[in-house]
Amino acid sequence: MKVTVVGAGAVGASCAEYIAMKNFASEVVLVDIKEGYAEGKAMDLMQCASLNGFDTKITGSTSDYSKTAGSDIAVITSGIPRKPGMTREELIGINAGIVKSVSESLLKESPNVIIIVVSNPMDTMTYLVHKTTGLPMNRIIGMGGALDSARFRYRLSEAMDCPASDVKGMVIAAHSDKGMLPLTRLAVRNGVPASKFISEDRLNQVAEDTKVGGATLTGLLGTSAWYAPGAAVSTIVQAIACDQKKMIPCSTMLSGQYGESDICMGVPVILGRNGIEKIVEIDLNEAEKAKFAESAEAVRKVNATL
């Protein structure tokens, strides 16, 4: 199993590190446009191999996509990160050109590759890859929902004062501060509704804190977060590489599901060796349906700028 990660910055390097440490891939290739940067990151990570007990080979490349040939999965993290006060949508002007070029370069060397999009605005960048490559929907996956759901579970565990491993919760719709839809109604602690442990007001606060999870970290760090995004990507990559049939919220092209078409939005999907193997439609109540539709309208406005 060969995995390429494009963009060797903080997010890309974290992706490579977590994938290597899980030890399911034979090779990870890091690609970056900055001379020697990917090679340096790869060397640094390989010097962790004996310490962290992984056998995955990590190599680096400065814009030489021939080294990515035969990749089974590719992750696109390249583009400019958010700065404090910026929305994800403000990144579209620069990142759209980068993502389009990277996708074309990847497919030239690995025509059967499954592409995972991390670059922001993530739903629109996922849509862009669909429109410019013509790949089937199962082979293009937006990472956002996996990360947002992890942040939701963190906030739930914090509110209930319990281990995160006790908690299940899902975020769907857009990967944006206003467009996320944390499904508080369905959140549980070991199968027991979260509403049994915390008040409705506290649950609503958890949802609001989840929505601004990325902006909160950007304000604290001065740039986008990288540990949780890297871990979210590695979970998606492993689900595909190991044919796990895991259900993970991801941005995917909808064709009538949830009442939407010709748009990439976060919904629960089954991930296996073929990428997205099934879109899972869950029953939303009327309020959740309205919020999903509102989120979709906002994504369409961003898509229109493409």
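- Per an unreviewed UniProt entry, the recorded name for the protein chain is Malate dehydrogenase, and the organism is Parvicella tangerina.
- The Sequence similarities (unreviewed entry) comment attached to the protein chain in UniProt states, word for word, "Belongs to the LDH/MDH superfamily."

**Some points on the overall build of the protein chain**
Next, step 1: The helix and strand inventory of the protein chain stands at 10 helices and 14 strands.
Next, step 2: Its C-alpha atoms give the protein chain principal-axis dimensions of roughly 50 × 45 × 40 Å.
Next, step 3: Across the 306 residues of the protein chain, 55% fall into the buried class.
Next, step 4: A separation threshold of at least 6 residues defines the contact pool for the protein chain, and within that pool the share at least 24 residues apart is 70%.
Next, step 5: Accessible surface, the protein chain: about 13,000 Å² in total, of which carbon and sulfur atoms supply 52%.
Next, step 6: The averaged location of the 33 negative side-chain charges in the protein chain is 1 Å from the averaged location of its 31 positive side-chain charges.

**Re the side chain of S234**
Next, step 1: The residue S234 is located in helix α9 (residues 227-241) in this model.
Next, step 2: Given the relative accessible area of 1%, S234 is considered buried.
Next, step 3: From its side chain, S234 meets the backbone oxygen of A231 in a polar contact 2.8 Å long.
Next, step 4: Setting aside anything within four residues of it in sequence, one finds S234 in contact with Y18, I19, K22 and F24.

**Considerations on the sheet that holds strand β11 (residues 192-193)**
Next, step 1: Strand order across the open sheet formed by 3 strands is β7-β10-β11, with antiparallel pairing between neighbours. The open sheet has two edge strands with one neighbour each: β7 (167-168) and β11.

**Observations concerning the environment of G134**
Next, step 1: Within the fold, G134 resides in the loop between α5 (122-133) and β6 (140-142).
Next, step 2: Measuring from C-alpha to C-alpha, the distance between G134 and V188 comes to 39 Å, with 54 residues separating the pair along the chain.

**Overview of the packing of aromatic side chains**
Next, step 1: Throughout the structure, instances matching the rule amount to 2 aromatic pairs.
Next, step 2: Ring centres of W226 and Y227 lie 5.5 Å apart, and the angle between their planes is 50 degrees; on these two criteria the pair is classed as tilted.
Next, step 3: Overall, the relative accessible area of 24% leaves W226 in the partly exposed class.
Next, step 4: Overall, the relative accessible area of 54% leaves Y227 in the exposed class.
Next, step 5: Considering the side-chain rings of Y258 and F292, the 5.3 Å spacing of their centres and the 25 degrees angle between planes classify their relative orientation as stacked. Within this pair, whereas Y258 is found in the loop between β12 (246-255) and β13 (261-272), its partner F292 is found in helix α10 (residues 286-304), the two being separated by 34 residues in sequence. Pair check on accessibility: Y258 and F292 agree, each one buried.

**Considerations on unusual backbone geometry**
Next, step 1: Residue P121 is reached from N120 by a cis peptide bond, and omega for that bond is -5 degrees.
Next, step 2: Tracing the backbone shows P121 in the loop between β5 (114-117) and α5.
Next, step 3: Despite not being glycine, Y258 has its phi angle at roughly 55 degrees, a positive value.

**Some thoughts on helix α4 (residues 92-109)**
Next, step 1: With 18 residues, α4 ought to run about 26 Å at 1.5 Å a step, and its terminal C-alpha atoms sit 26 Å apart, in line with that.
Next, step 2: Along α4, the residues classified as buried are I92, N95, A96, V99, V102, S103, L106 and L107. Down the axis of α4, the buried side of the element spans an arc of 145 degrees, and every buried residue falls inside it. With respect to the buried face of α4, the exposed residues turned more than 90 degrees away are G93 and K108.

**Re the pattern of salt bridges**
Next, step 1: In this structure the tally under the stated criterion is 11 salt bridges.
Next, step 2: Across the salt bridge formed by D262 and K131, the nearest N and O atoms sit 2.9 Å from each other. Placement of the pair is D262 in strand β13 and K131 in helix α5, with a sequence separation of 131 residues.
Next, step 3: The structure contains a network of salt bridges with shared partners spanning D243, K245 and E277.

Thresholds, definitions, all that
- Residues numbered from 1 in each chain as written.
- Predicted model: local features only at pLDDT ≥ 70, side-chain atom pairs only at ≥ 80, totals over all residues.
- Heavy atoms only, no water.
- UniProt positions renumbered as here; feature names shortened; annotations may be inferred.
- Helix = DSSP H or I, 4+ residues; strand = E, 2+ residues; numbered from the N terminus.
- Buried < 20%, exposed > 50% of the residue type's maximum accessible area, 1.4 Å probe, protein only.
- Contact = heavy atoms within 4.5 Å.
- Areas by Shrake-Rupley, 256 points an atom, 1.4 Å probe, with all protein chains shown as cover.
- Lys, Arg positive; Asp, Glu negative; His and termini not counted.
- Charge placed at Lys NZ, Arg CZ, Asp CG, Glu CD.
- Polar contact = N/O pair within 3.5 Å; in protein donor to acceptor, adjacent residues only side chain to side chain.
- Pairing = 2+ DSSP bridges.
- Phe/Tyr/Trp six-rings, centres within 6.5 Å; stacked < 30°, edge-to-face > 60°.
- Expected span 1.5 Å × (residues − 1).
- Arc of directions from axis to C-beta.
- Salt bridge = Lys/Arg side-chain N within 4 Å of Asp/Glu carboxyl O.

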